[in-house]
Amino acid sequence: MSDKDQAEEKLAKISTGLIQYSPEGLVPFGPVHPALKEPEYFKIILEGEKIVQVIPRIGYAHRGIERALQDRNWIQAIYLVERICGICSFSHSLAFVQTVESLTELEIPRRARYIRLIIAELERIHSHLLWLGLVGYWTGFDTLFMWIWRDRERVLDLIELITGNRVHKSYATITGVRRDLPENIERHIQPAMKYLSDRVKFYKEIINSEATILIRTKGIGWVSPDVAVRLCPVGPLLRCMGFKRDVRTDDPYAAYDEIVPDVKTSTDSDVHSLLNLRLDEIEDSIRMVLEAITSIPTGQVKSSIPRAIPRGDAMGHVEAPRGELFYFVRSEGGNKPVRVKIRTPTLANILTATEMLKGHTLADVPVVLTGMDPCFGCMDRLTIIDIGEGKRWQINGEELRRYGIEWYNKNR
Amino acid sequence: MSEDKLNELHNLKINKEKNKIMIETSPADIRDVSRFIIEKMGVKHLTAITGIDEGEKICIIYHFWSEGNFINIVTRLLKTELKIESITDIVPGALLYEAEVHDMLGVFFHGNPLMGTHLLLPDTYPEDIPPPLRKEITPEEIRRRMLLE
């Protein structure tokens, strides 16, 4: 049997079926970075330059929060779930409090629902900008990265002004939000939104004309929608395949029934369409924030918070910047949850991202994996097995980034 | 949501309130019920799978989402027989969710290729202690054992 046959046989063993895992398991390298929330480990199997199989291994940042929530009361739990993610911290606390509220008969004041919308949309803008900057970074377009992260500061400043914190906002609470908006906040929001909307137009022009971005993203990460939808992806990844699904319109929460989002879709299902889609979403978020701040009703922002929550099972979800964020809460009538189950959007998207990588080159790995908008700790370590040459080596994120940029310099 | 189609599911406890539908079924029927939901009712999206330790039994809830409703299949397994058929061939997206329940509660899903491996737990998790979300073990005990080894 020639080497090639052996390699093929090995490959067939590993990659038959939709997703097949090698039985021997993987050696963990501990790609935990204190600054990132979801480190992951991908075992990538190559044939020459081509990726034939991707095997993810997650759990490096698993802290047992679901178990810890069972020992905390309802109010303490809000602040713990917020710490799951630094980028979409408000989405987590919002999803949790909404799920808990659905167990009670509590009425949420209309002003609080509007404020929730404003913060959720500001968070979406900052998360999408952060992601867009990272695409610039991974494609070797560092200027774009610096520009965008500077603009993102404007949104963080607004969030700090309203909630008091840039990252962990501690703003949502059961029955509403913890504090009212500061006086004359629209004087700060309106110029910032005007500035951002001009910048977004400028970035749209760049990503549709700049050669580096076009080469590195157009047609990269294409996946057949029929295959991918069976893997149950969520958020922009699903919408870029042409499925018009968004929790904000499918199951309106906060004030989304009054200020209706314009859900954008694309049919290209590649990384370039994700860029355009997320920029469109930023524009729509800017519109919604401005609309909400002009039409916000007056009144209370919260009512008295009950100590105990009635018995029952509740499910709730919100559209976090990365997609549907799901919470399940079981209460037995006490002052603590009996079980809280959290399903984050990245967990739902990992399988689709591995499918997106197949058939592309190793140089595309950073861009495609960033395309699904994980927290990019997943890039910390990779094991690469080259089936043709039987080599096995490990590289870290920075080396892979350089490899990608150099590969494109040489080959395109 | 077509209620008529739901009524085709015989001998099942179906409970609908607000935007959630709870379908209680025995573990043996889980594949038939989920196939019915996917094929006959046109539900495409599996949101999550939750496992709950209820003392003597482990409750598994499959949360599907369709047109404004959570459709939940609820099934309960005795702790002495924690085995159930996998639905990964019906819904490929269930792969990681089933593996998570396996990792956290020790339920074995027949047909899921990830069984026997860890998804979220470290590979050094001691084999002779129960999975972390089970009531038989406390976080303190897990910490003590993990530090010892």
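Per chain, residues are indexed from 1 in the order of the written sequence. Chain labels run from A onward and ligand labels from 1 onward, assigned in the order the entries are written. Under the rules for a predicted model, residues below a pLDDT of 70 receive no local features and side-chain atom pairs below 80 are neither given nor counted, while totals for whole chains, interfaces and linings still include all residues. The side-chain figures draw on all heavy atoms in the structure; neither hydrogens nor water molecules are used.

1. Some thoughts on the interface of chain A and chain B
Of the residues lining the interface, 38 residues belong to chain A; the matching set on chain B comes to 44 residues. Of the roughly 3,400 Å² buried where chain A meets chain B, counting both sides, 60% is carbon and sulfur surface. If you sort the residues of chain A by the area they bury against chain B, Arg-67, Cys-232 and Met-315 of chain A come out on top, with a joint share of 16%. A pairing counts as a salt bridge when a side-chain nitrogen of Lys or Arg comes within 4 Å of a carboxyl oxygen of Asp or Glu. Taken together, the links from chain A to chain B amount to two salt bridges. Note that Glu-54 of chain B is salt-bridged to Arg-330 of chain A, the shortest N-O span being 2.5 Å. Contacts are assigned to residue pairs with any non-hydrogen atoms lying within 4.5 Å of each other. In short, buried area is how much 1.4 Å probe accessible area vanishes from two parts on joining, totalled over both.

2. Concerning helix 3 (residues 95-105) of chain B
Throughout, exposure labels follow a simple rule: accessible area from a 1.4 Å probe, protein chains only, divided by the maximum for the residue type, with under 20% read as buried, over 50% as exposed, and the rest as partly exposed. Strands here mean DSSP runs of E at least two residues long; helices mean DSSP runs of H or I at least four residues long; both are numbered from the N terminus. Of all eleven residues in helix 3 of chain B, eleven are buried; the element is thus mostly enclosed. Leu-95, Leu-96, Tyr-97, Glu-98, Ala-99, Glu-100, Val-101, His-102, Asp-103, Met-104 and Leu-105 of chain B are the residues of helix 3 of chain B that are buried. Summarising the contacts, the buried residues of helix 3 of chain B are in contact with helix 2 (65-69), strand 7 (337-343) and helix 13 (345-357) of chain A together with strand 3 (45-53), strand 4 (57-66) and strand 7 (108-110) of chain B. Following helix 3 of chain B by one or two positions, Gly-106 of chain B has its phi on the positive side, about 75°.

3. Quick notes on the layout of surface pockets
In this structure, the second largest pocket spans a volume of roughly 980 Å³. Taken together, 35 residues form the lining of the second largest pocket, with Gln-98, Ser-102 and Met-315 of chain A together with Lys-18 and Asn-19 of chain B sitting closest to its centre. Mapped by element, the contributors of at least two residues to the lining of the second largest pocket are helix 4 (89-101), helix 5 (110-138) and strand 5 (312-320) of chain A together with strand 1 (13-17), strand 2 (20-24) and strand 5 (69-78) of chain B. Ranked by residue count, the leading element in the lining of the second largest pocket is strand 5 of chain A, at six residues. Amino acid classes used here: Ala, Val, Leu, Ile, Met, Phe, Trp, Tyr, Cys and Pro are nonpolar; Asp, Glu, Lys and Arg are charged; the rest, including Gly, are polar. Partitioned by chemical class, the residues of the lining of the second largest pocket number eleven nonpolar, nine polar and 15 charged. A cavity here means a set of 1 Å grid points, computed over protein atoms only, where a 1.4 Å probe fits but cannot escape. A pocket is an open set with protein on both sides within 12 Å along at least 5 of 7 lines, and lining residues have an atom within 4 Å of a point. Grid points are joined across faces, edges and corners, and a volume is the space filled by probe spheres set on the points.

4. Observations regarding the sheet that holds strand 7 of chain A
All names here are of chain A. Spatial ordering of the open sheet is given by 5-6-7, a layout of three strands whose pairing is antiparallel. The open sheet terminates on both sides in strands that have one partner only, identified here as strand 5 and strand 7. Taking each pair of neighbouring strands and ignoring which way they run, the sheet shows an average axis angle of 15°. Alignment of strand 5 against strand 6 (residues 323-331), held across nine bridges, turns out to be antiparallel. Residue pairing across strands places Ala-320 opposite Gly-323, the latter belonging to strand 6. Here a strand pair is declared whenever DSSP counts at least two bridges between the two strands. Note on definitions: angles span 0 to 180 degrees between N-to-C directions of axes, and those axes are lines fitted to C-alpha atoms, for helices only across the stretch in contact.

What is shown is where atoms sit, not what they do.
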